[in-house]
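Observations on the three-dimensional arrangement
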Amino acid sequence: MKLLNNFNTKLAKYRKNAKKFSKNISTNVGTSLTTSHNDGLASMKLPVTRPQALRMQIISDSDHYHSYFTSRTDVPNNEEYLEKPTKFLQKATKDNFMYEGHFHEAVGKILLIAQCFAMMPVRGVTSSHPRYLSFSWTHIRTIYCLIFITCSAVDSIIAVYKVLNAPITFNNIEPMIFRIAILIVCVSALNLARKWPELMVQWHSLEQQLPEYSSQKEKRRMADKIRMVFFVGMILSLAEHLLSVTQAIYFAARCGATDDPVKNFLLIASDHLFYIFPYSYLLGWYGKLLNVMSTFIWNYMDVFVMIMSIGLTYMFKRVNENLEKFKNKQMPAVFWAERRVQYRNVCILCEKVDNAISMITMVSFSNNLYFICVQLLKSRNNMSSAVSMVYFYFSLVFLFLRSLAVSLYSAAIYDESRKPLRVLRSVPKESWCLEVKRFATEISSDLVALSGMKFFHLTRKLVLSVAGTIVTYELVLIQFYEPTDLWDCKSLLKNFKHQKLLASGK
Amino acid sequence: MAQCFCLMPVRGVLSKSVKGLSFRWLSFRTSYCLAYMALTVADSLLTLNLVRRAELDVRNIEPMVFHTTIFLASIGFLRLASKWPKLMRRWQQVERQLPAYRTWQERGELAKRIKTVTFVLITMSLTEHLLSTISAIHFANYCPATSDPIESFFRNVVDQVFLVFNYSPWLAWLGKIENILLTFGWTYMDVFVLIIGIGLSSMFKRIKRQMEQHKGQAMPESFWCEIRRQYMLICDLIEEVDEAVSGIIMLSFANNLYFVCIQCLKSINTMPSIAHAIYFYFSFMFLLARTLAVSLYLAEVNDRSRDPLAILKYVPTNAYHIEVERFAMEINSMSVTMTGLRYFDITRKLVLTVAGTIVTYELVLIQFENKGFLT
């Protein structure tokens, strides 16, 4: 025990020295961007001489990925990447709380939480470097995820069966839409998990090319924001779910058809299961568990899109903040060429991320659109009790805020990507050159934004048009809608009767 | 002048140079403004109470929308007031760098224009308010609730207060004053946005005038460089101003959209008396004109920003420098507009879109409308 601790402290010291040493190297020798995978080496020193600039290039598909994995042989020699001999419940050192400002470490724990709910089965999400990420079909997380997908597929089929047996209206298909959306998201998250290691390695290598952070505070900024968004989103969704449970319990107690309150509750919570099967205690809890997980995933998909957008926005921000420093200054053409390459690389990353997650974005958006329409329509119903009213308005407001937050955070990428234009406008006449012109033209002609499978791009204007669409649909839907009491006992009692028939074996 | 009506608590707005401007949370004007806001909140809550009693409907929530908008606008103005001195300093800095005025007439033009617009709009809004008071008095006489005509007038005007409290003349006058202040704030919001639009587009005009003098002449590169620099300064300024006021623009647009819809809808009602009819049509016309004016003046910023492009086309071949090319390219690729929180750019095309939207909503709303008396 003592020996191990000793070893740890020694290692930390050694690592510090190594960092210092590498920084010295970087100041003396200048930079070599593509070849370095050391954080300390990524600092840019100006002015850049010609040969160095020539070495910088736009990331090609295989370039960095392979360079990382082929150079893996020299990892053991590099102290920076020597994995700590980890121990269960190890005492945390200062290093554990130091951020390098990478996206990978910012999302690590969040992905770990998501994995508890069967999303994104990637190994090594909390490791220090994305190269330790891996995906395999036989790993326990993947199997867990596959089991969940199978369960929810069965669940969806049962839900569809129940919906099809009743008259189909815009409102009635709600549980079906909910389950199908979650199924699609799960499958596309699994798909994303396969691409995730490669994507993160690319992201990481790009981060090292970008201008360095100037302070520790700046390094924390992205991680803090991502964590904040995640926790606020999750706590609100937890509150919503608790309210929904409260409401169901209240409802069950008020028009209890049986004496057993637990049975009453479970019959409501997983009503679609008991539409087919006779009541059993275990099946009820199984349905409830699936429901909790689905609700988490439903909220998580929005949060995930937000997190990815925040990450990309901060990439652009880093480029922009560095550019702002050189506003109105005379810089050589090489400088602009290099900035343009940085900017271009971020754009390429953005496109890659978009390709990877656009299915999730699409589902999240259409899902939100549908649920807002349904909830708005439901608001014309008369609420029978205070409990259901509180739950209903809370969930409506939460839904609104969540949809708005997703659209605004993802629109921020586009806003941020246009900002370099302001700096380029103020380039003095003497240093205006072909490279600056090219940079300006590229920025103004490109549309860098996340998209929903390329059907629509997420910009601020989209938010307005979506709002307009919702109002239009709502006006049409209202004309066909007859308000009913949402929580009347009649429908419940009908379920009970059906249940009794089932139990008696028809 | 807006300060009398509790908006924009900035000190020293009348001083000759911008140096005198300052904003403090503790100044008398700010506390006046805060007191007003507290009063508005109380009033809005009372209104909410009133609205809640009736059935929720597009038309019934009108007083609530009115109160909420004004409350939001006064928050917007308060926030703007804290930024205002800095913004004005920047504005003046930019103005100093623009080409000088040639005549006295040109110099006075901007101030004259702003004064005219403000005067016209404020007078109209005053007239509208007077008409509304007259129709309320008429209505009070027509079907009096109590024997005292003054009391029945107040009961009619500030009904949201007396729904909760017992009648008292002090409370009635307070409610009426609050009502006047609110109406002013409502109009002022549009006027303010309009003035900003005029101010910004006039700067582009100055550049255009300078360029027109040298239209078709072979000018040295340094001339174009200077013009381009000035143009970019204005663009940066517009971006800054837009960031500061776009919340108010958004509010003003949304508010106008809603009220135009409502008034249109009301127009199919039968009017109880001629006083009502006059009031109604006047206020409707005023609303339409005001909305149109706001959109057009703000869209003018965008129009004016494209003007230099036309003049650049006259540059002769031998004087077509790289700087001219850059200028043209930049004008082409930029969209210099005022925005509503960046959700929409205000251009002339927007006006048409908004009109289309109004007609669509109107058609749907009319189907639900059951005609009835306004009262």
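Residues numbered from 1 in each chain as written. Chains lettered and ligands numbered in written order. Predicted model: local features only at pLDDT ≥ 70, side-chain atom pairs only at ≥ 80, totals over all residues. Heavy atoms only, no water.

Within chain A, the secondary structure is distributed over 16 helices and two strands. Burial statistics for chain A: of 506 residues in total, 49% are counted as buried. Within chain A, contacts between residues at least 6 apart in sequence are counted, and of these 80% link residues at least 24 apart. Of the roughly 24600 Å² of accessible surface on chain A, a fraction of 64% belongs to carbon and sulfur atoms. (Helix = DSSP H or I, 4+ residues; strand = E, 2+ residues; numbered from the N terminus. Buried < 20%, exposed > 50% of the residue type's maximum accessible area, 1.4 Å probe, protein only. Contact = heavy atoms within 4.5 Å. Areas by Shrake-Rupley, 256 points an atom, 1.4 Å probe, with all protein chains shown as cover.)

Let us now look at the interface of chain B and chain A. Each side of the interface is counted separately: chain B has 24 residues, and chain A has 25 residues. For the chain B and chain A pair, buried surface summed over both sides reaches about 2300 Å², with 55% attributable to carbon and sulfur atoms. Sorting the residues of chain B by area buried against chain A places Arg326, Arg342 and Tyr343 of chain B first, and these three jointly supply 28% of that buried surface. At the junction of chain B with chain A, the criterion picks out seven salt bridges. The partner of Glu239 of chain B in a salt bridge is Arg422 of chain A, with the nearest N and O atoms 2.9 Å apart. Remark: the boundary between chain B and chain A carries eleven residue pairs in polar contact (both at pLDDT 80 or more). Among the secondary structure elements, those contributing two or more residues to the side of chain B that touches chain A are helix 7 (221-266), helix 9 (322-333), strand 2 (344-345) and helix 10 (348-368) of chain B. Along the lines of polarity and charge, the residues of the side of chain B that touches chain A split into twelve nonpolar, two polar and ten charged. (Buried area = accessible area lost by both parts, 1.4 Å probe. Salt bridge = Lys/Arg side-chain N within 4 Å of Asp/Glu carboxyl O. Polar contact = N/O pair within 3.5 Å; in protein donor to acceptor, adjacent residues only side chain to side chain. Nonpolar A, V, L, I, M, F, W, Y, C, P; charged D, E, K, R; others polar.)

Another aspect to go through is the packing of helix 7 of chain B against helix 8 (residues 274-312) of chain B. All names here are of chain B. Across the interface, helix 7 lies against helix 8 with an axial gap of 10 Å and an inter-helix angle of 160°. Our classification of the angle between helix 7 and helix 8 gives roughly antiparallel. Of the two elements, helix 7 crosses helix 8, and the hand of that crossing is left-handed. Taken together, the residues of the contact of helix 7 with helix 8 sort by class into 17 nonpolar, seven polar and two charged. (Axes fitted to C-alpha atoms, helices over the stretch in contact; angles between N-to-C directions. Parallel < 35°, antiparallel > 145°, perpendicular 65-115°, else oblique. Left-handed = near helix turned anticlockwise from the far one by under 90°.)

Further remarks concern the UniProt feature "transmembrane region" (unreviewed entry) in chain B. Residues and elements named next belong to chain B. Mapped onto this numbering, the UniProt entry annotates "transmembrane region" (unreviewed entry) at residues 33-52, 64-81, 117-140, 180-204, 278-299 and 350-368. End C-alpha atoms of residues 64-81 are separated by 26 Å, and the span's content is 100% helix alongside 0% strand. Counting secondary structure, residues 117-140 comes out at 100% helix and 0% strand; the distance between its end C-alpha atoms is 34 Å. (UniProt positions renumbered as here; feature names shortened; annotations may be inferred.)

Moving on: the pattern of salt bridges. This structure, assessed with the given rule, holds 37 salt bridges over all chains. Two residues, Asp155 of chain A and Arg179 of chain A, come together in a salt bridge whose shortest N-O distance is 3.0 Å. Placement of the pair is Asp155 of chain A in helix 5 (residues 140-165) and Arg179 of chain A in helix 6 (residues 174-209), with a sequence separation of 24 residues. One salt bridge in this structure joins Glu62 of chain B and Lys266 of chain B, with 3.1 Å as the shortest N-O distance. With Glu62 of chain B in helix 2 (residues 62-97) and Lys266 of chain B in helix 7, this pair connects stretches of sequence that are 204 residues apart.

Enumeration over the complete set of coordinates arrives at 36 aromatic pairs over all chains. Aromatic side chains Tyr370 of chain A and Phe371 of chain A sit 5.3 Å apart centroid to centroid with 85° between the ring planes, which places their arrangement in the edge-to-face category. With respect to class, Tyr370 of chain A is no different from Phe371 of chain A; both count as buried. For the ring pair Tyr188 of chain B and Phe192 of chain B, a centre distance of 6.2 Å and an interplane angle of 40° mean the geometry is tilted. Taken as a pair, Tyr188 of chain B and Phe192 of chain B lie in helix 6 (residues 169-213) at a separation of four residues, close to a single helical turn. The two residues Tyr188 of chain B and Phe192 of chain B agree in class, both being buried. A cation over an aromatic ring shows up here: Arg402 of chain A above the ring of Trp298 of chain A, its NZ or CZ 4.5 Å from the ring centre. (Phe/Tyr/Trp six-rings, centres within 6.5 Å; stacked < 30°, edge-to-face > 60°. Lys NZ or Arg CZ within 6 Å of the ring centre and 35° of its normal.)

Residue and element names in this part refer to chain A. Assignment of secondary structure puts Gly311 in helix 10 (residues 281-325). For Gly311, a relative accessible area of 0% corresponds to the buried category. Taking the C-alpha atoms as reference points, Gly311 and Met120, separated by 191 residues in sequence, lie 18 Å from one another.

Below, the discussion takes up a nonpolar patch on the surface. On the surface, a cluster of nonpolar side chains totalling about 270 Å² of accessible area is made up of Tyr161, Ile276 and Phe277 of chain A. In this fold, Phe277 of chain A is placed in the loop between helix 9 (273-276) and helix 10. (Patch = residues over 30% accessible without salt bridge, like charges linked within 9 Å, V, L, I, M, F, W, Y side chains within 5 Å.)

Relative to the elements of secondary structure, Ser246 of chain B occurs in helix 7. Taking relative accessible area as the criterion, Ser246 of chain B reaches 6% and is therefore assigned buried.

Right, let's talk about the nonpolar core for a bit. Trp196, Tyr300 and Trp336 of chain A are the most contacted members of the largest nonpolar core, which totals 100 residues. Ranked by residue count, the leading element in this core is helix 10 of chain A, at 20 residues. In contact with Trp196 of chain A, other than residues within four places in its own chain, are Val107, Leu111, Met120, Val122, Leu133, Phe304 and Met308 of chain A. Residues Val463 of chain A together with Trp91, Leu98 and Met189 of chain B belong to the second largest nonpolar core, which totals 84 residues. (Core = buried A, V, L, I, M, F, W, Y, C linked by side-chain atoms within 4.5 Å.)

Our next topic: the state of the cysteines. In a disulfide, the sulfur atoms of two cysteines are covalently bonded to one another. Enumeration according to the criterion identifies zero disulfides over all chains in this entry. You can see Cys225 of chain B has no disulfide; the closest cysteine sulfur is in Cys433 of chain A, sitting 15 Å from it. As a non-bridged cysteine, Cys264 of chain B has Cys261 of chain B as the owner of its nearest cysteine sulfur, 7.1 Å distant. (Disulfide = S-S within 2.5 Å.)

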